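# Structural features, examined
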Amino acid sequence: MESTFKEMNGESVLDLEDKAGVGVVLRMCMVRIEPLRITLSPHGLFLLLGLAFTDKERDAHYLTGLLPPALFSQDLQEKRLMKILREYKVPLQRYMAMMDLQERNEKLFYKLLIDNVEELLPVVYTPTVGEACQKYGSIFRRPQGLFISLKEKGKILEVLKNWPEKSIQVIVVTDGERILGLGDLGCQGMGIPVGKLSLYTALGGVRPSACLPITIDVGTNNKKLLEDEFYIGLRQNRATGKEYAELMDEFMSAVKQNYGEKVLIQFEDFANHNAFELLARYRTTHLVFNDDIQGTASVVLAGLVAALKLVGGTLADHTFLFLGAGEAGTGIAELIALEISKKTNAPLEETRKKIWLVDSKGLIVSSRKESLQHFKKPWAHEHEPVKELLGAVKAIKPTVLIGTSGVGKTFTKEKSNKLALIGLQKPLILALSNPTSQSECTAEEAYTWSEGRAIFASGSPFDPVEFNGKVFVPGQANNAYIFPGFAEALAAQVTEENYAKGLIYPPFTTIRKISAHIAAKVAAKAYELGLASHLPRPKDLVKYAESCMYTPVYGSYR
């Protein structure tokens, strides 16, 4: 790719229509924006390629002498940075180094992440992003997204227009009330939208300039943060009710007005009481997606479909028990019931009876129905009350145990719980809560207690486990596979080699290929329904999807 610079008054001017690779330089190093060009300082130019500028490019753009004489290719820069990152012993230091790189050299950041995805995914997202959010006020350096607070009520459209990129296709927004399994982190939840959209680009191929992270700041009920002198958000308790609803209505209206009706708005880490309501309120008027309710469900269903080759039977042959009945738990449960209904032609009300949920008060049963939140009521089946997980395991005798509780070690709290896990014939155990500290059990615990019989996957990554001379590789049920896509398309990407290692998800090393296949399945469905706008239909949808994906390779500048 070649970008054209023009010299004007001793400055380098980049044509606005050909700004590939500039990325965050727009936000950091702009001298002036005019209708058809962006003027960059020498520092801004340096951020585009670093030491990869050729001698001719250095002479042409007044960089000679500002850079040392060595020429480093992008591959060599990547090798050097990976060496530096591996010398950091503290995960948060790696996270901060990666965020600095993203601001300094966007293309190099994404090349590192794509080429070293299994090593760096836990750095830029869970589990490290959880600690980053907890300490966001202390490590904050420069904005990576938009902060919209109650102070901006009445002028949110103006705030959106402050963002330098205008062709936005994807927004990930949070209000910070339920960050991973860590609770209310208020304004400091910004690390989640930033991290998620990094994955959209690195793993899904969406252009970084088309992505916009947003945090809606309505306050926080986290007393520790309110008393923290370095907290970067509003110092007040959370707004609720009419005040909250009016702010969200204004935000949603402003987004559509500024970016058009095709912009995707992904709700991320909202608390249960708002998550379901927001999805229901806007799903008919906006292109919306709740990752916690819908994304997690798709990824888990894909894992379950893939696992059938290892555990046998169909989904309808299995009994499912959830620990946790919030957004993730009920969202997964509903998608499983829908899939069983689709495959068996049984009514949804009947297929739901194969699925049981345990919340903080015990097994969800019909005698509790009047006191249940609306999203839990479909799972209130006829059964005597059961107060704890162990009793539910003994009563229900599940073949699949799924943790979405957000509370660590809940599968391991008592010795009897361990025995319950061992008693399952070939248990499928999904400990999905994030970050790692909140996982219901570890991979080693699941494999050891089941004497190597368990099929295990988790929300955050765990290292391979050796048991009785066999190496088990735990899968990661990461929403990065979907964002959003088709569960069946994802399940189809699991190979026999993966199954031999006990994996029910394909490795992240192939995730861009997986993304292209999932995109092709989505596109095929759109053409089938007559909804596709790109005509004529490409002969090879997978190759076409790959051709549309962002590739972080340096261009030449003349």
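Keep in mind it's a predicted model, so treat the numbers as computed, not measured.

## Here's the deal with the overall build of the protein
Secondary structure summary: the protein contains 24 helices and 20 strands in total. Looking at the protein as a whole, 56% of its 558 residues are labelled buried. In the protein, once contacts between residues fewer than 6 apart in sequence are set aside, the share between residues at least 24 apart is 67%. Counting only carbon and sulfur atoms, one obtains 53% of the accessible surface of the protein, whose full area is about 24,500 Å².

## Here we look at the pattern of salt bridges
For the coordinates displayed, the defined rule picks out 28 salt bridges. The partner of Lys-196 in a salt bridge is Asp-291, with the nearest N and O atoms 2.3 Å apart. Here Asp-291 lies in helix H15 (residues 291-311) and Lys-196 lies in helix H11 (residues 191-204), a separation of 95 residues in the sequence. A single burial state applies to Lys-196 and to Asp-291, both of which are buried. Among the salt bridges present, the one from Lys-409 reaches Glu-445, with a minimum N-O distance of 3.2 Å. Taken as a pair, Lys-409 in the loop between strand E14 (400-403) and helix H19 (415-423) and Glu-445 in helix H20 (residues 443-449) lie far apart in primary sequence, 36 residues in all. The exposure class of Glu-445 is buried, given its relative accessible area of 17%.

## Here we look at the packing of aromatic side chains
Per the stated rule, a full pass over the model turns up eleven aromatic pairs. Ring centres of Tyr-447 and Phe-472 lie 4.7 Å apart, and the angle between their planes is 25 degrees; on these two criteria the pair is classed as stacked. Taken together, the residues Tyr-447 in helix H20 and Phe-472 in strand E18 (residues 470-472) connect sequence positions 25 residues apart. The exposure class of Tyr-447 is buried, given its relative accessible area of 1%. Each residue in the set Tyr-447, Phe-456, Phe-462 and Phe-472 is aromatic and connected to the rest through ring pairs, giving one cluster.

## Focus: the side chain of Gln-266
Along the chain, the position of Gln-266 falls in strand E9 (residues 264-267). Polar contacts involving the side chain of Gln-266 include one to the side chain of Tyr-200, which spans 2.6 Å.

## Some words on the sheet that holds strand E15 (residues 428-431)
The mixed open sheet is built from seven strands, whose spatial order is E13-E12-E11-E14-E15-E16-E19. Strands with a single pairing partner mark the edges of an open sheet, and in this sheet they are strand E13 (362-363) and strand E19 (475-476). Judged from the four bridges that link them, E14 and E15 form a sheet pairing that is parallel. Bridging from a neighbouring strand, Leu-401 pairs with Ile-429 of E15. Across the sheet, helix H18 (residues 389-396) touches strand E11 (320-323), strand E12 (355-359), E13 and E14, and the angle it forms with E11 is around 175 degrees.

## Section: unusual backbone geometry
Among all residues save glycine, negative phi is the norm, and among peptide bonds the norm is trans. For the bond from Asn-434 to Pro-435, the omega torsion is -10 degrees, close enough to zero to count as cis. Tracing the chain through its elements places Pro-435 in the loop between E15 and H20. In this structure, Pro-536 follows Leu-535 across a cis peptide bond, with omega equal to -5 degrees. Within the fold, Pro-536 resides in the loop between helix H23 (511-528) and helix H24 (541-548). Residues other than glycine seldom take positive phi values, yet Glu-451 does so here, at roughly 55 degrees. The residue Glu-451 is located in the loop between H20 and strand E16 (455-458) in this model. With relative accessibility at 52%, the residue Glu-451 sits in the exposed group.

Conventions we followed
- Residues numbered from 1 in each chain as written.
- Predicted model: local features only at pLDDT ≥ 70, side-chain atom pairs only at ≥ 80, totals over all residues.
- Heavy atoms only, no water.
- Helix = DSSP H or I, 4+ residues; strand = E, 2+ residues; numbered from the N terminus.
- Buried < 20%, exposed > 50% of the residue type's maximum accessible area, 1.4 Å probe, protein only.
- Contact = heavy atoms within 4.5 Å.
- Areas by Shrake-Rupley, 256 points an atom, 1.4 Å probe, with all protein chains shown as cover.
- Salt bridge = Lys/Arg side-chain N within 4 Å of Asp/Glu carboxyl O.
- Phe/Tyr/Trp six-rings, centres within 6.5 Å; stacked < 30°, edge-to-face > 60°.
- Polar contact = N/O pair within 3.5 Å; in protein donor to acceptor, adjacent residues only side chain to side chain.
- Pairing = 2+ DSSP bridges.
- Axes fitted to C-alpha atoms, helices over the stretch in contact; angles between N-to-C directions.

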